[in-house]
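Breakdown of the fold
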Amino acid sequence: MSEETRILSVDLGDRSYPIYIGVDLLERSDIYKNHIASKQVLVVSNVTVAPLYLDKVLSGLSGFQVETVILPDGEEYKSINTLDDIFTTLLEKRFDRGCTLVALGGGVVGDMTGFAAACYQRGVDFVQIPTTLLAQVDSSVGGKTGVNHALGKNMIGAFHQPQCVIIDTATLQTLEDRQLSAGIAEVIKYGLINDPEFFEWLEDNMDHLMEKDPLTLSYAIERSCFDKAEVVAADERESGMRALLNLGHTFGHAIETGMGYGQWLHGEAVGAGMCMAASYSKKLGWMDQLEVKRVITLIKRAGLPICPPEDISVKQFLDLMAVDKKVKDGQLRLVLMKGIGKSLVTSEFDSKALEELLYEYH
Ligand code: NAD
Ligand code: GLY
């Protein structure tokens with residue numbers, strides 16, 4: 001483990017791209033020159049991240065014709081309406097279909113910029129510069145882009161892969177603790193899906209991670225990106241195993257939508273959602289009590305909620321869960337566990353037991 005720049009690859013044939021992981025990468029003009037084929041570049045950021053990091057990115061982009069658009073901050077702005085601000089700037093500045101968009105920010109900015117890139121003139125290039133842990137380990141990798149709808153999270157979107165992902169781990173030093181915890185939820189997810197060794201490493205290193213120890217963070221990011229890149233390479237469009245990356249998300253999206261976007265952070269909802277998935281797996285006889293306890297303990301140590309909010313009734317929860325992208329032919333599919341590191345996607349579950357589980361939280 002050192003602080004030198006690491007490069008992972010997302011292998012997707014002629015659309016393969018690198019993930020750079022290191023420190024002081026924002027100003028690395030060599031990386032931009034290698035991956036931006038256009039002269040015109042639009043950097044999209046938000047009112048929180050731009051004052052911290054935009055100058056560095058602009059300095060790395062010297063030589064390009066650069067414009068910026070600064071969005072409001074918050075999950076509640078991840079909408080079709082906000083997207084229009086990006087399109088307006090692109091059109092006002094006469095950006096052509098050879099242009100490149102650069103997303104500088106967390107998952108909200110990344111998902112919206114990627115979707116704008118997928119739509120503008122039917123598709124232009126984009127680069128991801130994720131600045132939250134959650135975005136560095138999950139949302140910037142794999143090409144899922146989109147916005148929320150009042151009736152469902154991430155329901156409007158497109159698959160559109162970036163040209164590269166630039167992860168400057170030093171940006172995490174300005175991240176609030178609550179946001180760090182939200183990112184750790186997605187890190188724990190990789191251990192639970194199919195990497196039990198990583199789960200054990202997290203049990204041993206959670207305190208260092210919570211203290212933002214640079215080498216611990218760097219290793220967690222690299223391992224998470226490696227795990228995610230493997231899944232994306234095997235199933236880019238989620239026709240099969242990529243659905244595993246939604247562990248905790250069907251419960252979590254119901255919490256996010258039910259509470260109103262921005263009330264619970266995405267990672268917090270996923271944290272509680274993974275505890276629910278573990279408890280439900282135990283109810284079905286698929287996971288033993290000791291393993292469920294390890295899951296809940298680790299999620300708690302990460303500063304995350306381990307139960308859903310009581311404000312959402314059981315009926316409301318079930319209705320919200322029914323609006324899930326994994327629903328196929330009207331049939332809900334869930335990601336559950338047969339042990340730590342042994343997740344599976346299934347519609348073979350007892351829905352009465354699901355209702356019972358939800359009542360247990362009330
Ligand atoms: P976010 O983008 O809202 O960022 C969290 C907060 O941190 C914001 O206030 C942001 O301005 C601030 N911030 C960002 N970087 C900072 C920094 N370095 N220092 C200080 N503050 C900083 O939230 P998020 O957790 O990054 O992303 C959540 C979103 O990602 C959700 O919309 C979720 O649906 C989406 N997501 C997408 C995928 C995917 O595959 N595309 C995967 C997981 C999550
Ligand atoms: N975060 C889920 C996915 O990328 O598929």
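Figured I'd write up the structure that's included with this text. (Residues numbered from 1 in each chain as written. Chains lettered and ligands numbered in written order. Predicted model: local features only at pLDDT ≥ 70, side-chain atom pairs only at ≥ 80, totals over all residues. Heavy atoms only, no water.)

Okay, a nonpolar patch on the surface next. Taken together, the side chains of I80, M155, I156 and V323 present a nonpolar region at the surface, about 290 Å² in accessible area. For I80, the position within the fold is in helix α3 (residues 80-92). (Patch = residues over 30% accessible without salt bridge, like charges linked within 9 Å, V, L, I, M, F, W, Y side chains within 5 Å. Areas by Shrake-Rupley, 256 points an atom, 1.4 Å probe, with all protein chains shown as cover. Salt bridge = Lys/Arg side-chain N within 4 Å of Asp/Glu carboxyl O. Helix = DSSP H or I, 4+ residues; strand = E, 2+ residues; numbered from the N terminus.)

What follows concerns the site of ligand 2. Looking at ligand 2, the residues that line it are D138, K144, K228, E238, R242 and L245. Between an oxygen atom of ligand 2 and a side-chain N or O atom of K144, the distance comes to 2.8 Å. K228 has a polar side-chain atom sitting 2.5 Å from an oxygen atom of ligand 2. With the chains in place, 90% of the 200 Å² that ligand 2 exposes on its own is no longer accessible. When the residues that make up the shell around ligand 2 are grouped by side-chain class, the tally is 1 nonpolar, no polar and 5 charged. (Near = heavy atom within 4 Å. Polar contact = N/O pair within 3.5 Å; in protein donor to acceptor, adjacent residues only side chain to side chain. Nonpolar A, V, L, I, M, F, W, Y, C, P; charged D, E, K, R; others polar.)

A few words on unusual backbone geometry. Phi angles above zero are rare outside glycine, and Q121 is one such case at about 45°. Mapped onto the secondary structure, Q121 falls in the loop between α4 (107-119) and β6 (125-130). Positive phi outside glycine occurs at K212, with the angle close to 60°. Tracing the sequence through the fold places K212 in the loop between α7 (196-210) and α8 (214-234).

What follows concerns the site of ligand 1. Near ligand 1, the surroundings consist of 27 residues, among which D73, G107, T131, T132 and T174 are the closest. In the environment of ligand 1, an oxygen atom lies 2.6 Å from a nitrogen or oxygen atom belonging to the side chain of T132. Within the contact set of ligand 1, an oxygen atom lies 2.8 Å away from a side-chain nitrogen or oxygen of K153. Within the complex, 91% of the 860 Å² of free accessible area of ligand 1 lies under protein.

In this section: the packing of helix α6 (residues 177-194) against helix α10 (residues 266-283). Direction vectors running N to C along α6 and α10 enclose 40°, while the axes themselves pass 7 Å from each other. Considering the angle they form, α6 stands oblique to α10. Here α6 and α10 pass one another in a crossing that is left-handed. When α6 is examined against α10, the residues R178, A182, A185, E186, I188, K189 and L192 are found in contact with a partner set consisting of H266, G267, E268, V270, G271 and M274. Residues that form the contact of α6 with α10 fall into these classes: 6 nonpolar, 3 polar and 4 charged. (Axes fitted to C-alpha atoms, helices over the stretch in contact; angles between N-to-C directions. Parallel < 35°, antiparallel > 145°, perpendicular 65-115°, else oblique. Left-handed = near helix turned anticlockwise from the far one by under 90°. Contact = heavy atoms within 4.5 Å.)

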